[in-house]
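An overview of the molecular structure
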Amino acid sequence: MQRAVSMVAHLGLQLRALPSALGRPFSCAQTKILGCDRVKLMESLVVGDIAELRPNQGTLSLFTNEAGGILDDLIVTSTSEGYLYVVSNAGCWDKDVALMQDKVRELQNMGSDVSLEVVDNALLALQGPTAAQVLQAGVADDLRKLPFMTSAVMEVFGVSGCRVTRCGYTGEDGVEISVPAAAAVHLATALLENPEVKLAGLAARDSLRLEAGLCLYGSDIDEHTTPVEGSLSWTLGKRRRAAMDFPGASIIVAQLKGKVQRRRVGLMCEGAPMRAHSPILNMEGTVIGSVTSGCPSPCLKKNVAMGYVPYEYSRPGTPLLVEVRRKQQMAVVSKMPFVTTNYYTLK
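Residues numbered from 1 in each chain as written. Predicted model: local features only at pLDDT ≥ 70, side-chain atom pairs only at ≥ 80, totals over all residues. Heavy atoms only, no water.

Before going further, it helps to examine the UniProt feature "binding site: substrate" (unreviewed entry) in the protein. Within this numbering scheme, the UniProt entry marks Glu176 as carrying the feature "binding site: substrate" (unreviewed entry). Within the secondary structure layout, glutamate 176 lies in strand S11 (residues 174–180). (UniProt positions renumbered as here; feature names shortened; annotations may be inferred. Helix = DSSP H or I, 4+ residues; strand = E, 2+ residues; numbered from the N terminus.)

Before going further, it helps to spend a moment on the UniProt feature "domain: Aminomethyltransferase C-terminal" (unreviewed entry) in the protein. UniProt's entry tags residues 262–339 with the feature "domain: Aminomethyltransferase C-terminal" (unreviewed entry), counted in the numbering of this structure. The distance separating the terminal C-alpha atoms of residues 262–339 is 24 Å; by composition the span is 0% helix and 58% strand.

What follows deals with the environment of glutamine 30. With respect to the element layout, glutamine 30 can be found in strand S3 (residues 29–34). Put simply, glutamine 30 and valine 76 are 46 residues apart on the chain and 10 Å apart in space, counted from C-alpha to C-alpha. Ignoring anything within four residues of it in the chain, the contact list for glutamine 30 reads Tyr85, Val86, Val87, Glu117, Val118, Val119, Asn121, Ala122, Leu123 and Ser178. Of note is the side chain of glutamine 30, whose polar atom sits 3.0 Å from the backbone oxygen of asparagine 121. A polar contact of 2.6 Å, which involves the side chain of glutamine 30, links it to the side chain of serine 178. (Contact = heavy atoms within 4.5 Å. Polar contact = N/O pair within 3.5 Å; in protein donor to acceptor, adjacent residues only side chain to side chain.)

Here we come to the nonpolar core. In this structure, Leu135, Ile177, Val179 and Leu187 are the most contacted members of the largest nonpolar core, which totals 25 residues. For this core, the elements supplying multiple residues, two or more each, are strand S8 (121–127), helix H3 (131–136), strand S9 (151–156), strand S10 (159–165), S11 and helix H4 (184–192). Excluding residues within four positions of it along the chain, leucine 187 makes contact with Leu124, Val156, Phe157, Val159, Cys162, Ile177 and Val179. Of all hydrophobic cores here, the second largest spans 17 residues; its members include Leu45, Ile50, Leu53 and Leu74. (Core = buried A, V, L, I, M, F, W, Y, C linked by side-chain atoms within 4.5 Å. Buried < 20%, exposed > 50% of the residue type's maximum accessible area, 1.4 Å probe, protein only.)

In this section: the pairing of S3. Where S3 meets strand S6 (residues 83–88), 6 bridges bridge the pair, whose relative direction is antiparallel. When the bridges of S6 are listed, glutamine 30 appears paired with valine 87. As paired strands, S3 and strand S7 (residues 115–118) are joined by 4 bridges and run antiparallel to one another. In the sheet register, lysine 32 faces S7, and the bridge partner there is glutamate 117. (Pairing = 2+ DSSP bridges.)

A word on the sheet that holds strand S16 (residues 302–310). Strand order in this closed barrel of 6 strands is S13-S16-S15-S14-S17-S18, and the pairing throughout is antiparallel. Here the strands of the sheet are splayed against their neighbours by 40° on average, with no regard to which way each runs. Sheet topology places strand S13 (residues 262–269) next to strand S18 (residues 327–334); 3 bridges connect them, and they run antiparallel. Residue leucine 267 lies in a different strand from S18, and its bridge partner there is valine 333. Sheet strands in contact with helix H5 (residues 202–211) are strand S15 (287–297) and S16, and its direction is about 120° off that of S15. (Axes fitted to C-alpha atoms, helices over the stretch in contact; angles between N-to-C directions.)

Between side chains of opposite charge, pairing is possible as soon as their charged atoms come close. Inspection of every chain in the model, using the stated rule, returns 11 salt bridges. Ionic pairing is found between aspartate 49 and arginine 239, a salt bridge with its closest N-O pair at 2.6 Å. With a gap of 190 residues between them, aspartate 49 in the loop between helix H1 (38–43) and strand S4 (57–64) and arginine 239 in helix H6 (residues 238–243) connect regions that are remote in the sequence. Lysine 103 is paired through a salt bridge with glutamate 106; the nearest N and O atoms lie 3.3 Å apart. Placement of both lysine 103 and glutamate 106 in helix H2 (residues 93–109) is noted, with a separation of 3 residues, approximately one turn of the helix. Residue classification places lysine 103 among the buried residues on the basis of a relative accessible area of 16%. (Salt bridge = Lys/Arg side-chain N within 4 Å of Asp/Glu carboxyl O.)

Taken in spatial order, the 5 strands line up as S4-S5-S6-S3-S7 in an open sheet, and their pairing is antiparallel. Single-partner strands in this sheet number two, and they are S4 and S7. Across this sheet, the average inter-strand angle for adjacent strands is 30°, counted without regard to direction. Pairing analysis gives 8 bridges linking S4 to strand S5 (residues 70–78), with the strands arranged antiparallel. In the strand pairing of S5, glutamine 57 is matched with serine 78. In the packing of H2 onto the sheet, contacts are made with S3, S4, S5, S6 and S7, and the angle to S7 comes to roughly 155°.

Below, the discussion takes up the pairing of S8. Counting buried residues along S8, 6 of its 7 residues qualify, which places the element largely inside the surrounding structure. Here 7 bridges tie S8 to S11, and the two strands are oriented antiparallel to one another. Residue alanine 125 lies in a different strand from S11, and its bridge partner there is glutamate 176.

Taken as a whole and assessed by the stated rule, the structure comprises 0 disulfides. Unpaired in terms of disulfides, cysteine 295 finds its nearest cysteine sulfur in cysteine 299, a separation of 10 Å. Residue cysteine 295 is classed as buried on the basis of its relative accessible area, which comes to 8%. (Disulfide = S-S within 2.5 Å.)

So this is what it looks like as structure tokens:
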């Protein structure tokens, strides 16, 4: 099943079964970190190597606490304009902004040159195999030169000052467009004039990100989950691991070097769909974990889910049981992503 172009998100556009899709508006936290010590501030809060980012390159990273738990996942971009552009989850807006503001004040009191600005923009996510083709009609920049996890400021369908980032939470090619709030409806309307583009809601986005094996904060990861438990060790910068200078480093690095007690895994089954909180059992019928996200996969015509199990049950191919509607059914631990991702990289 081909994933289409859809509009979702933060006023967005997402979907895989259409050529392009656009979803209902919702907010996400967008902030700028400015000043000579902007990288110092961000690296005091996240696990990633922000200093190594090239101009206009971004990375997925994690805010962590001193216990190693994940406070939120976010994208940090080092812009050519001399600031860090940060996008984090709407549901964590207050917590994330307060976390950054507190650190800004702390560093300023120590004489550091750093400040924070909350950006009053909407975010449109245009996702799907023809997303770039659709957007190209409204921009002068050559989108073939904009690979996955890079961004540029450009005029989009007559709206100036938009930041276009080649990313999205669907596993497909696509972009997220940060647009001044007052022009968001105009831009969404312009995109929807193309018959390739369809509106897509959060349920569509949820199936897409699940097929891509991507976590939903508050469901699959939270402040009681470490990056290692959440199978997100790849977000830890090599230099940062060695320096152990991020919140919770002593716990997280120790887990990297030894066995972790539990692990986020992918699950596949036939029959009734697995849903959040469904118990996961071993073949002897003992409850060993629970599902955190699950849904039918439109592409695979099977049920997919994610959940946490003890490390010894985390190997792909391990047979397990899942309790759905008080009935036990067979499931198998599966590699993620369930559906091959289609991010755009320069050839």
